[in-house]
Amino acid sequence: MKILIVYGSTTGNTAGIAEALGERIGAAGHEVTVLNAADASAEGLCDGYDAALFGCSAWGTDEVELQDDFNVLFENFDAIGVSGKKAACFASGDSNFEHFCGAVDVLENRLVGLGAVIVEEGLKVDGDYAGNKDEVDAWCGRVLAAL
Ligand SMILES: Cc1cc2nc3c(=O)[nH]c(=O)nc-3n(C[C@H](O)[C@H](O)[C@H](O)COP(=O)(O)O)c2cc1C
């Protein structure tokens, strides 16, 4: 399958998870593209892919604000062509915040509204990949099984 991974990351934590997911999914025999939201454009983003994984950290205080680069993409999210495609979301966050990895919930809701098929409950990582390898790898395994 052709899998797209798009992430928005300010300090590199969600980027690290995205890269790890990309390696694992590639090692499982899929063709993977890992794309920084800063380099992506919404129009037809998912065209040619069988599934897409979306990663985005949260930066609000009172309410959830999507990571800056991803937020630009999100403004035109209805153009990404995700209807009928398999999808799942992930993020690095900080559990001291009220809306821990809140961007995951925002993205999932929007994706469902756009007709995507969410194949696995979103991954919410407290910190970076290095400190949460087992959790990330287990989630990746469940996503792979659902593709
Ligand atoms: C002003 C501010 C607001 C934040 N808001 C949230 C939040 O609502 N939920 C959360 O889980 N983490 C929140 N964080 C923590 C970051 O999302 C966290 O450090 C994350 O690992 C950053 O990931 P990134 O490097 O991929 O951007 C916030 C951090 C700051 C400085």
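This structure is a prediction, so every number in the text was calculated from the model and none was measured.

## Thoughts on the nonpolar core
In terms of nonpolar packing, the biggest core is built from 28 residues, with F54, F70, I80 and L111 touching the most fellow members. When residues of this core are traced back to their parent elements, those giving at least two are strand 1 (2-8), strand 3 (51-56), helix 2 (68-74), strand 4 (86-93) and helix 3 (102-113). At 4 residues, helix 3 tops the list of elements feeding residues into this core. If near-sequence neighbours (up to four positions away) are discounted, L111 is found in contact with F54, F77, I80, V82, A87, C89, A116 and I118. By size, the runner-up hydrophobic cluster in this structure holds 22 residues, among which are I3, A15, A88 and Y129.

## Points about the packing of aromatic side chains
Ring pairs (aromatic) are described by centroid distance and by the angle formed between their planes. Here the structure, examined in full by the defined rule, presents 5 aromatic pairs. Geometrically, the ring pair formed by F54 and F70 is edge-to-face, given 6.5 Å between the ring centres and 85° between the ring planes. Placement of F54 in strand 3 and of F70 in helix 2 is noted, with a sequence separation of 16 residues between them. By relative accessible area, which is 0% here, F54 ends up buried. Measuring from ring centre to ring centre gives 5.1 Å for F74 and F77, while their planes differ by 45°; the resulting arrangement is tilted. The two residues F74 and F77 agree in class, both being buried.

## Some details on the environment of L53
Take L53: it is sitting in strand 3. By relative accessible area, L53 is classed as buried at 2%. Note: C-alpha distance between L53 and A18 (35 residues apart in sequence) is 8.7 Å. When sequence neighbours within four positions are dropped, the list of residues in contact with L53 reads L4, I5, V6, I25, A88, F90 and V143.

## Focus on the site of the ligand
Close contacts around the ligand come from 17 residues, with S9, T11, T14, S57 and S92 the closest. T11 places a polar side-chain atom, nitrogen or oxygen, 2.4 Å from an oxygen atom of the ligand. Contact between the ligand and A58: an oxygen atom at 2.8 Å from a main-chain N or O atom of the residue. Starting from 650 Å² of accessible surface for the ligand in isolation, the protein chains cover 83%. Those elements giving two or more residues to the shell around the ligand turn out to be helix 1 (13-27) and strand 4.

## Observations concerning a negative patch on the surface
Among the surface-exposed residues, D62, E63, E65, D68 and E98 lie close enough to one another that they form a single negatively charged patch. Along the chain, E65 falls in the loop between strand 3 and helix 2.

## Concerning the pairing of strand 1
Counting buried positions over the 7 residues of strand 1 gives 6, a clear majority of the element. Pairing of strand 1 with strand 2 (residues 31-36), which is carried by 6 bridges, proceeds in the parallel orientation. If you follow K2 over to strand 2, its bridge partner there is E31. Examined bridge by bridge, strand 1 and strand 3 share 6 bridges and lie parallel to one another. Bridge assignment links G8 to a residue of strand 3, and that residue is C56.

## Quick word on helix 4 (residues 133-146)
Counting along an α-helix, one turn takes 3.6 residues, and residues three or four places apart therefore face a common direction. For helix 4, with 14 residues, the first-to-last C-alpha span of 20 Å sits near the 20 Å given by 1.5 Å per residue. Listed in full, the buried residues belonging to helix 4 are V136, W139, C140, V143 and L144. Mapping the buried residues of helix 4 onto a view down its axis gives an arc of 140°, with all of them on the same face. Relative to its buried face, helix 4 has exposed residues pointing more than 90 degrees away, namely D134 and A145. Looking at the buried positions of helix 4, the neighbouring elements they touch are helix 1, strand 3, strand 4 and strand 6 (123-126).

What counts and what doesn't
- Residues numbered from 1 in each chain as written.
- Predicted model: local features only at pLDDT ≥ 70, side-chain atom pairs only at ≥ 80, totals over all residues.
- Heavy atoms only, no water.
- Core = buried A, V, L, I, M, F, W, Y, C linked by side-chain atoms within 4.5 Å.
- Buried < 20%, exposed > 50% of the residue type's maximum accessible area, 1.4 Å probe, protein only.
- Helix = DSSP H or I, 4+ residues; strand = E, 2+ residues; numbered from the N terminus.
- Contact = heavy atoms within 4.5 Å.
- Phe/Tyr/Trp six-rings, centres within 6.5 Å; stacked < 30°, edge-to-face > 60°.
- Near = heavy atom within 4 Å.
- Polar contact = N/O pair within 3.5 Å; in protein donor to acceptor, adjacent residues only side chain to side chain.
- Areas by Shrake-Rupley, 256 points an atom, 1.4 Å probe, with all protein chains shown as cover.
- Patch = residues over 30% accessible without salt bridge, like charges linked within 9 Å, V, L, I, M, F, W, Y side chains within 5 Å.
- Salt bridge = Lys/Arg side-chain N within 4 Å of Asp/Glu carboxyl O.
- Lys, Arg positive; Asp, Glu negative; His and termini not counted.
- Charge placed at Lys NZ, Arg CZ, Asp CG, Glu CD.
- Pairing = 2+ DSSP bridges.
- Expected span 1.5 Å × (residues − 1).
- Arc of directions from axis to C-beta.

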